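Geometric and topological summary
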Amino acid sequence: MSSALTDLFPHPIVQAPMAGGVSVPHLAQAVSEAGGLGFLAAGYKTADGMYQEIKQLRGLTTRPFGVNLFLPQPDHADPGAIEIYAHQLAGEAAWYETELGDPDSGRDDGFDAKLAVLLDNPVPVVSFHFGVPSREVIDSLHRAGTFTLVAATTAEEALAVEHAGADAVIAQGVEAGGHQGTHRDAPENNGAGVGLLSLVAQVRETVSIPIVAAGGIMRGGQIAGVLAAGASAAQLGTAFLATPESGATAVHKQALTNPLFVRTELTRAFSGRPARGLVNRFMREHGPYAPAAYPEIHHLTAPLRKKAAASGDAQGMALWAGQGHRMARELPAGRLVEVLAAELDAARTALSAKGDMR
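Examining the pairing of strand S4 (residues 125-129)
- Of all 5 residues that make up S4, 5 are buried, and the element is covered over most of its length.
- Side chains Val125, Ser127 and His129 of S4 all project onto a buried face; the interleaved residues Val126 and Phe128 project onto the opposite face, where all are buried too.
- As defined by bridge partners, strand S3 (residues 65-70) adjoins S4 across 5 bridges and the pair is classed as parallel. Residue Val67 lies in a different strand from S4, and its bridge partner there is Val126.
- Direction of pairing for S4 relative to strand S5 (residues 147-152): parallel, over a ladder of 4 bridges. From the neighbouring strand, Phe128 faces S5, where its bridge partner is Val150.
- This β-α-β element, S4 to helix H7 (residues 135-143) to S5, shows right-handed connectivity.

In structure tokens form, the structure reads like this:
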């Protein structure tokens, strides 16, 4: 990988930016201090809220870190489909004794204001989700001295990332927890996706920029696997979700290894965009009927999710998790980085030893 990135953190371990209050400053600090790359998630925050978290993190560590932005979304949603889904959720609103949210609460996630903050107060790394920023945006961040990463879920999307001038691409496999970073949300592709190892190999043969591999990675041996496939670093989200520094609720953390939750699925139930989470009652009852309408459905269900979380009701929450969730370890984040790095070294040594025996 370009030394511009590898010089920032000694271990090829990136903590995924998990929006919704999970990727808090103390988590990013612990990861960065241990030699990984910690990340803040600006998604769903105001520009000032993002700035305050950056300010707090800078007070906790002098190590490099990143900030993730959601790109503005095109207005392709069907108002009629949203209204029908709202009627379907009326029973949920009554159960949780709350009103549904306003689906027209905003489409751009305050992107321009957040970008302005990051240009005035540059951070080492900025990553993007849900599309490709313009070359003008990428160039402006480069002038500010910021390294840029953009998520892609196909080789074709990775090529678009390269053409935009980004420094590296995050190859997100279908195993990944949370929202898929597809550049265009196509309903006909519901449930589709490329596994991480296949995706890394395809992207490696398509682009020349460095690859950060993301999706279901929970162990150092898996990091060794994606590095061998052509990635330069690995991004882990669910692995850090269970740490004490994570801002996830206790219910969410416990659900990762709770035998009641045996599998994950991609669903539109909570946000209107495909996202992988633990299968619960809400997902089973509403997932098949949720329209492709992001962020409208996200806004619509926000009060329901908040009430469910406040009451400790795991069956009504968005329990985002990758396919490796049962392998979650309740270790402090810094210690987890150390363990992952040791596992990576052991896997590399074992592979080298096998090679020498041939």
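A few points about helix H14 (residues 296-310)
- Taking 1.5 Å of rise per residue, 15 residues should cover 21 Å, and H14 covers 22 Å from first to last C-alpha, within 8% of that figure.
- When the local axis directions of H14 are compared, the greatest deviation, roughly 45 degrees, occurs at Ala302, which is followed within four positions by the proline Pro303.
- Taken as a whole, H14 has its buried residues at Glu296, Ile297, His298, His299, Leu300, Thr301, Ala302, Leu304, Arg305 and Ala308.
- Those residues of H14 hidden inside the fold are in contact with helix H4 (79-88), helix H5 (90-96) and helix H13 (281-286).
- Positioned one or two residues after H14, Gly312 has a phi angle of 70 degrees, which is positive.

Structural notes on the pattern of salt bridges
- Scanning the entire structure with this criterion turns up 9 salt bridges.
- For Lys45, the salt bridge identified is with Glu53, shortest N-O distance 3.9 Å.
- Residue class for Glu53 comes out buried when judged on its relative accessible area of 16%.
- Close ionic contact of Arg268 with Asp185 constitutes a salt bridge, the shortest N to O distance being 2.7 Å. Here Arg268 is found in the loop between strand S10 (264-267) and strand S11 (275-278), whereas its partner Asp185 is found in the loop between strand S7 (178-179) and helix H9 (196-204), with 83 residues between them in sequence.
- For Arg268, a relative accessible area of 5% gives the class buried.
- Judged by its relative accessible area of 22%, Asp185 is partly exposed.

Considerations on the environment of Met218
- Counting through the fold element by element, Met218 comes out in the loop between strand S8 (211-214) and helix H10 (220-229).
- Remark: the alpha-carbon pair of Met218 and Ala328, spanning 110 residues in sequence, is separated by 7.0 Å.

Some details on the sheet that holds strand S9 (residues 233-236)
- Read across the open sheet, the 8 strands follow the order S1-S9-S8-S6-S5-S4-S3-S2; overall the sheet is parallel. Sheet topology places strand S1 (13-15) and strand S2 (38-41) at the edges, where each strand pairs with a single neighbour. Recorded for the sheet is a direction-independent mean angle of 25 degrees between the axes of neighbouring strands.
- In terms of strand pairing, S8 meets S9 through 3 bridges, oriented parallel. If you follow Ala214 over to S9, its bridge partner there is Gln235.
- Its contacts with the sheet place H10 against S1, S8 and S9, and it is angled at close to 135 degrees to S9.

Criteria and cut-off values
Residues numbered from 1 in each chain as written. Predicted model: local features only at pLDDT ≥ 70, side-chain atom pairs only at ≥ 80, totals over all residues. Heavy atoms only, no water. Buried < 20%, exposed > 50% of the residue type's maximum accessible area, 1.4 Å probe, protein only. Helix = DSSP H or I, 4+ residues; strand = E, 2+ residues; numbered from the N terminus. Pairing = 2+ DSSP bridges. Right-handed = clockwise from strand over helix to strand, strands pointing away. Expected span 1.5 Å × (residues − 1). Bend = angle between axes of the 7 residues up to and from the residue. Contact = heavy atoms within 4.5 Å. Salt bridge = Lys/Arg side-chain N within 4 Å of Asp/Glu carboxyl O. Axes fitted to C-alpha atoms, helices over the stretch in contact; angles between N-to-C directions.

Interpretation in functional terms is not warranted from these geometric data alone.
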